[in-house]
Structures are given as structure tokens and as C-alpha cells.
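Each chain, written out:
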Amino acid sequence: MNASEPRSKQYWQMKRRYNIKKKEENLAEEPAMPDNPLMRKKKTPAEIEAEAEAEDQDEFTKLKNTIETQINEVKQQIEEKVSTATDGELIKIKAN
């Protein structure tokens, strides 16, 4: 019996137990990205539509947030101006 045989046997047992593969096998499983952008995978109409919808949603969300911020600023300005009456008494303003 050769001294390297038990070691080799342990190596193969561990390889099977932990499903260890050669590096070339792991690299072959990953999809290769082409260097040339003209050779990339073309998007389906459904993918293009989904991306456009997501972009539109982002634009609407930005617009909504901008409008809400402006409304809150105007609301604060009005509350500051109306909070004191001409005779110096505080007036309570009920905000919606």
C-alpha cells in the first residue's frame, strides 16, 4: 500500500461529500458576458416594458415627493404668519 493512497481516498471522499468540483466546471456554469455590446442578449418586449414602467414609477415618486415637500413648506409658512394675531394672542389653527 502506497503512503499517498489513504490521503487520496480521503481527498475523494471529501470531494464527494462536499460536492467540490474543478474550477473549470464552475466557470463553465456561469453565463459568459460578451465583450462586444452588440452581441449581448436582446431584451424581450416584456422586459423593456417592465423597465420603462419602473422608470416612470420612479419619476412619479420623485414628483410626488417634491410636491409634498413644497406643500409642507407653504403650510409651515402660513402657520407661522397666522399663529400670532394682531393683538398678540395666539390663534390655534387646526391642520388636516
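So, how was this worked out
- Residues numbered from 1 in each chain as written.
- Predicted model: local features only at pLDDT ≥ 70, side-chain atom pairs only at ≥ 80, totals over all residues.
- Heavy atoms only, no water.
- UniProt positions renumbered as here; feature names shortened; annotations may be inferred.
- Helix = DSSP H or I, 4+ residues; strand = E, 2+ residues; numbered from the N terminus.
- Buried < 20%, exposed > 50% of the residue type's maximum accessible area, 1.4 Å probe, protein only.
- Phe/Tyr/Trp six-rings, centres within 6.5 Å; stacked < 30°, edge-to-face > 60°.

Going by an unreviewed UniProt entry, the protein chain carries the name Complexin and comes from Petrolisthes cinctipes. Per its UniProt entry, the protein chain bears the Sequence similarities (unreviewed entry) comment "Belongs to the complexin/synaphin family."

Novice: I keep staring at the overall build of the protein chain and nothing clicks. Help me out?
Specialist: The helix and strand inventory of the protein chain stands at three helices and zero strands. Put simply, the protein chain has 96 residues, and 1% of those count as buried.

Novice: Mind showing me how you'd approach unusual backbone geometry here?
Specialist: Outside of glycine, negative phi angles account for most residues, and trans bonds account for most peptide bonds. With a phi angle near 55°, Asn19 is a residue other than glycine that sits in the positive phi range. Assignment of secondary structure puts Asn19 in the loop between helix H1 (4–17) and helix H2 (23–29).

Novice: Got a minute to help me understand the packing of aromatic side chains in this structure?
Specialist: The geometry of an aromatic ring pair is captured by the separation of the ring centres together with the interplanar angle, meaning the angle of the planes. Throughout the structure, instances matching the rule amount to one aromatic pair. Between Tyr11 and Trp12, the ring centres sit 5.2 Å apart and the planes meet at 75°, which makes this aromatic pair edge-to-face. By relative accessible area, Tyr11 is classed as partly exposed at 48%.

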